[in-house]
Amino acid sequence: MLTVSDDPDDVEWWLGEGALTCLGCGAVLTRLGWARPRRVRDAGTVQVELRPRRARCSGCAATHV
C-alpha cells in the first residue's frame, strides 16, 4: 500500500498497526525517525513546512519517506 497523508496522526496509526507495506517486497513498514524538513505549497500560494515520517521495511530494510 502506498499512501500520502497530510495528517501525521493517520501516518502514525498506519505505521503502528502495520498497515503500510514495502513497495519492493511487500513486508511491513516500521517507524524510523523523520526525513529532512521541506517547504511545499498548499493548494494555493502559501508555503508550509513539513517534516515527513521515515519508515524502514522489516523485510528488505529499504527506507521510505
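Presented here is an overview of the structure given in this document. The structure displayed is predicted, hence computed values, not measured ones.

Thresholds applied
- Residues numbered from 1 in each chain as written.
- Predicted model: local features only at pLDDT ≥ 70, side-chain atom pairs only at ≥ 80, totals over all residues.
- Heavy atoms only, no water.
- Salt bridge = Lys/Arg side-chain N within 4 Å of Asp/Glu carboxyl O.
- Helix = DSSP H or I, 4+ residues; strand = E, 2+ residues; numbered from the N terminus.
- Buried < 20%, exposed > 50% of the residue type's maximum accessible area, 1.4 Å probe, protein only.

1. Here we look at the pattern of salt bridges
A complete count under the given rule lists two salt bridges for this structure. For Glu12, the salt bridge is made with Arg31, and the minimal N-O distance between the two is 2.8 Å. On the criterion of sequence distance, the pair formed by Glu12 in helix H1 (residues 8–17) and Arg31 in strand S1 (residues 29–34) is long-range, its members being 19 residues apart. Looking at Arg31, the relative accessible area reads 41%, which means it is partly exposed. For Arg53, the salt bridge identified is with Glu12, shortest N-O distance 2.6 Å. Within this pair, whereas Arg53 is found in strand S4 (residues 53–57), its partner Glu12 is found in helix H1, the two being separated by 41 residues in sequence. Since its relative accessible area comes to 17%, Arg53 is described here as buried. Among the ionic contacts, a cluster of salt bridges with common partners joins Glu12, Arg31 and Arg53.

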